Amino acid sequence: MSDGPDELEKNDGQRFDRLPETPADRTVEGRVSREEVLEYFADRFAIPPETFDGHTFWEKGAGKIWIYGGEAPTPVEIEAMGMTCLRTRQEHWKPTTDFAQRFGRHAEACVIELDRERARRFAAGEDQELEWDGDWGYLIAAHEVGVEVGAEDERSGDGEPVDRDALEPLGIGLYVHGELRSMVPKGRQRDL
Amino acid sequence: MEPLERYRPIVDDFEAFLAACRRPLGTAVRVNTIKTSVERATATLEEDGVEFDQADWNPRVLRLETDSPGATWASFHGFTHGQEEVSAVPPVVLDPQPGERVWDACAAPGGKATQIAALMDDEGTVVANDSNLGRISALRFNAERLGATNLAVTNADARNYSLSPFSFDEFDRALVDAPCSCEGTIRKNPDALENWSEDHIASVSGIQKGILRRAVQATTAGGTVVYSTCTFAPEENEAVVQHVLEEEDCRVLEFDLGLEHAPGLTEWDGQEFDESLERAARIYPHHNDTGGFFVAKLEVTA
């Protein structure tokens with residue numbers, strides 16, 4: 001009984017604490033580890049763990065995980081660092097819209113492509129009926145936008161557009177019962 | 001426009017200056033290279049059906065032919081951020097490098113702080129501070145929307161700023177985009193001069209001196225400090241830099257600026273300033289059809 005969870009500290013929601021490397025390094029009750037966060041992004045979205053080699057993960061608030069690329073000691077009491085990326089301490093972990101837009105281009109699974117009209121409804125925060133053969137739960141919604149002018153064409157000056165992976169993440173959607181629910185927060189929703 | 005009369009002796013073509021101040025300002029955005037390339041951002045704006053012109057001095061600054069730059073796919077994706085053209089000048093003059101530690105002393109709502117993060121390729125540390133808690137939420141919102149992961153936000157008075165939350169004790173570079181009387185924003189805010197008074201200028205000038213002194217102290221020897229305001233008042237510009245030249249170890253540097261501008265003043269209202277203040281830049285609205293701005297670049301010498 002001496003190494004049970006009753007020896008772990010309580011989470012202090014007012015400060016940033018860096019996530020422990022592995023579950024075995026955990027000192028705070030219920031806190032996820034870096035390893036588990038990387039596993040989640042790899043298992044769910046096939047985002048390679050090395051994508052985050054330059055970043056650290058932190059918890060502030062109950063289950064709110066932040067991704068940060070700068071320097072800071074742990075713990076640290078400041079207003080914000082980097083961005084909130086994931087909500088843990090609940091059955092189904094939920095990534096944020098801002099995380100999906102920043103890192104979602106690395107995802108190769110659970111990405112649902114929307115046409116322009118569906119993307120417009122998604123950005124406006126609407127739910128929509130949609131067929132999807134993949135897993136239920138949180139998905140990265142994406143659409144084709146801003147088809148890039150290829151660098152070579154630019155040099156030669158003919159300006160022919162070249163389609164170089166034009167799929168761009170919009171945010172997080174929740175797929176259940178044949179319906180895609182937009183998780184774009186109110187402040188980020190737009191009528192386009 | 002009455003308060004601006006005091007600048008008649010120092011502004012070239014004063015009538016053109018006044019005429020420009022009366023014209024409303026166009027809409028400009030900055031391309032956020034943390035999330036995309038200039039090519040893709042402009043291709044997205046073309047899909048959005050929004051006409052634009054690239055600024056000659058900075059290909060990342062676009063002048064848009066629309067009144068609602070937020071209602072575009074480019075904005076939704078965080079490819080673009082609404083930011084006045086001259087407001088994109090100070091981070092370029094600061095010239096931060098990937099991996100450095102950079103302080104933005106008065107950062108909210110975050111246009112310049114996120115531009116600094118982008119110029120650093122989102123690598124290193126940007127400490128974005130603001131004394132006003134109410135404005136911190138806008139700073140946080142913009143940092144997350146634009147995907148700046150190297151940015152930490154603090155809420156403190158910049159005049160006696162402490163680096164104690166962090167694991168380092170000085171910055172490589174600092175930007176002081178100081179709170180000011182905002183005369184230069186008259187084209188955006190027609191009532192910018194409504195509460196204008198020399199007393200207000202005198203009191204805000206004291207705050208500016210305190211912040212700029214702290215920025216020089218908190219920056220490593222050989223490091224860079226940029227001081228900027230969106231006002232014409234020499235009391236808030238050259239006089240602030242003059243004060244810090246006298247009190248701290250630093251000097252004024254020359255810098256290249258691809259925008260038309262006038263040199264800083266060496267004299268105002270009976271007060272003389274160091275000759276090196278001519279290296280500062282005064283950007284007037286009629287020069288480039290923008291808002292008004294002042295920028296000085298300092299090197300910390302000890």
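Please read all numbers here as calculations on a predicted model, not as lab measurements.

Across its full length, chain B holds nine helices and 15 strands. Here chain B has a C-alpha radius of gyration of 18 Å; the compact-globule value for 302 residues is 19 Å, and the two agree. Along the three orthogonal principal directions, the C-alpha set of chain B runs to about 55 × 50 × 35 Å. Counting all 302 residues of chain B, 61% fall into the buried class. Within chain B, contacts between residues separated by at least 24 positions form 74% of all contacts whose residues are at least 6 apart in sequence. Summing over all exposed atoms, chain B offers an accessible surface of approximately 11300 Å²; the carbon and sulfur share of this is 41%. Across chain B, 25 positive and 52 negative side-chain charges occur, with their mean positions spaced 4 Å apart.

Here we take up the sheet that holds strand 8 (residues 127–129) of chain A. Residues and elements named next belong to chain A. Pairing within the open sheet is mixed, and its five strands lie in the order 7-9-10-11-8. A strand with exactly one partner marks an edge of an open sheet, and here the two such strands are strand 7 (111–113) and strand 8. Each strand axis lies, on average, 40° off the axis of its neighbour in the sheet, ignoring direction. When strand 8 meets strand 11 (residues 179–182), the two strands line up antiparallel, connected through three bridges. Opposite Q128, over in strand 11, you have L180 as the bridge partner.

On to the nonpolar core, then. Counting 96 residues, the largest nonpolar core has F17, W103, L212 and V241 of chain B as the members making the most contacts within it. For L212 of chain B, the residues in contact, after removing those within four places along its chain, are V176, V225, Y227, V240, V241, V244 and L298 of chain B. Among the nonpolar cores identified, the runner-up in size contains 51 residues, and F103, A119 and A123 of chain A together with F79 of chain B belong to it.

Attention shifts here to the packing of helix 7 (residues 198–217) of chain B against helix 8 (residues 238–247) of chain B. Residues and elements named next belong to chain B. It is at 9 Å that the axes of helix 7 and helix 8 come closest, and there the two elements cross at 45°. By the angle class used here, helix 7 and helix 8 are oblique. Both helix 7 and helix 8 take part in a crossing whose hand is right-handed. Every residue of helix 8 that contacts helix 7 at S205, Q208, K209, L212, R213 and V216 is listed here: A239, V240, V241, H243, V244 and E247. Looking at the contact of helix 7 with helix 8, its residues break down into six nonpolar, three polar and three charged.

For the rest of this paragraph, the subject is helix 3 (residues 116–123) of chain A. Since there are 3.6 residues in each turn of an α-helix, residues three or four apart along the chain are aligned in direction. Along helix 3 of chain A, the residues classified as buried are A119, F122 and A123 of chain A. All buried residues of helix 3 of chain A project into a common sector of 95° when viewed along the axis, lining one side. Where helix 3 of chain A is buried, its residues touch strand 8, strand 9 (137–144), strand 10 (167–176) and strand 11 of chain A together with helix 3 (73–76) of chain B. With its phi angle positive at about 90°, G125 of chain A sits one or two positions after the end of helix 3 of chain A.

Let us look at the UniProt feature "domain: DUF7122" (unreviewed entry) in chain A. Under the present numbering, the feature "domain: DUF7122" (unreviewed entry) in UniProt falls on residues 7–82 of chain A. Across residues 7–82 of chain A, the secondary structure splits into 16% helix and 17% strand, with the terminal C-alpha atoms separated by 31 Å.

If you look at the interface, chain A gives 45 residues, while chain B gives 40 residues. Summing the contributions of chain A and of chain B, the shared interface buries around 3500 Å²; its carbon and sulfur component is 53%. Between D122 of chain B and R102 of chain A there is a salt bridge, with the nearest N and O atoms lying 2.6 Å from each other. In this assembly, chain A and chain B are joined by 22 residue pairs in polar contact (both at pLDDT 80 or more). Sorting the residues of the side of chain A that touches chain B by element identifies strand 3 (64–68), strand 4 (80–81), strand 5 (83–87), helix 2 (97–103), helix 3 and strand 10 of chain A as the ones contributing at least two each. A class-by-class count of the residues in the side of chain A that touches chain B yields 22 nonpolar, nine polar and 14 charged.

Moving on: helix 5 (residues 111–119) of chain B. All names here are of chain B. The element helix 5 is largely enclosed, with a buried count of eight among its nine residues. Those residues of helix 5 that sit buried are G111, K112, A113, T114, Q115, I116, A117 and A118. Just past helix 5, the residue D121 takes up positive phi, approximately 55°.

Another aspect to go through is the pairing of strand 2 (residues 52–55) of chain B. Successive side chains on a regular strand alternate, one facing one side of the sheet and the next facing the other. All names here are of chain B. With four bridges joining them, strand 2 and strand 3 (residues 58–64) adopt antiparallel strand pairing. Bridging across to strand 3, D53 finds its partner in R63. If you look at the hairpin formed by strand 2 and strand 3, you'll find two residues sitting between the two strands.

Right, let's talk about the UniProt feature "domain: SAM-dependent MTase RsmB/NOP-type" (unreviewed entry) in chain B for a bit. The sites that UniProt annotates as "domain: SAM-dependent MTase RsmB/NOP-type" (unreviewed entry) are residues 17–301 of chain B. The straight-line gap between the two end C-alpha atoms of residues 17–301 of chain B is 37 Å; of that span, 29% is helix and 25% is strand.

In this section: unusual backbone geometry. Between T74 of chain A and P75 of chain A the backbone carries a cis peptide bond, its omega angle lying at -5°. Mapped onto the fold, P75 of chain A is located in the loop between strand 3 and strand 4. Here the bond from A108 of chain B into P109 of chain B is cis, since omega is 5°, no more than 30 degrees from zero. You will see that A46 of chain A, though not glycine, has its phi angle at about 55°, which is positive. Mapped onto the secondary structure, A46 of chain A falls in the loop between helix 1 (34–45) and strand 2 (56–59). Positive phi, normally seen in glycine, also occurs at D95 of chain B, with a value near 55°. Mapped onto the elements, D95 of chain B comes out in the loop between helix 4 (89–94) and strand 5 (101–104). Residue D95 of chain B is classed as partly exposed on the basis of its relative accessible area of 39%.

About the thresholds
Residues numbered from 1 in each chain as written. Chains lettered and ligands numbered in written order. Predicted model: local features only at pLDDT ≥ 70, side-chain atom pairs only at ≥ 80, totals over all residues. Heavy atoms only, no water. Helix = DSSP H or I, 4+ residues; strand = E, 2+ residues; numbered from the N terminus. Rg over C-alpha atoms; globule rule 2.2 N^0.38 Å. Buried < 20%, exposed > 50% of the residue type's maximum accessible area, 1.4 Å probe, protein only. Contact = heavy atoms within 4.5 Å. Areas by Shrake-Rupley, 256 points an atom, 1.4 Å probe, with all protein chains shown as cover. Lys, Arg positive; Asp, Glu negative; His and termini not counted. Charge placed at Lys NZ, Arg CZ, Asp CG, Glu CD. Pairing = 2+ DSSP bridges. Axes fitted to C-alpha atoms, helices over the stretch in contact; angles between N-to-C directions. Core = buried A, V, L, I, M, F, W, Y, C linked by side-chain atoms within 4.5 Å. Parallel < 35°, antiparallel > 145°, perpendicular 65-115°, else oblique. Left-handed = near helix turned anticlockwise from the far one by under 90°. Nonpolar A, V, L, I, M, F, W, Y, C, P; charged D, E, K, R; others polar. Arc of directions from axis to C-beta. UniProt positions renumbered as here; feature names shortened; annotations may be inferred. Buried area = accessible area lost by both parts, 1.4 Å probe. Salt bridge = Lys/Arg side-chain N within 4 Å of Asp/Glu carboxyl O. Polar contact = N/O pair within 3.5 Å; in protein donor to acceptor, adjacent residues only side chain to side chain.

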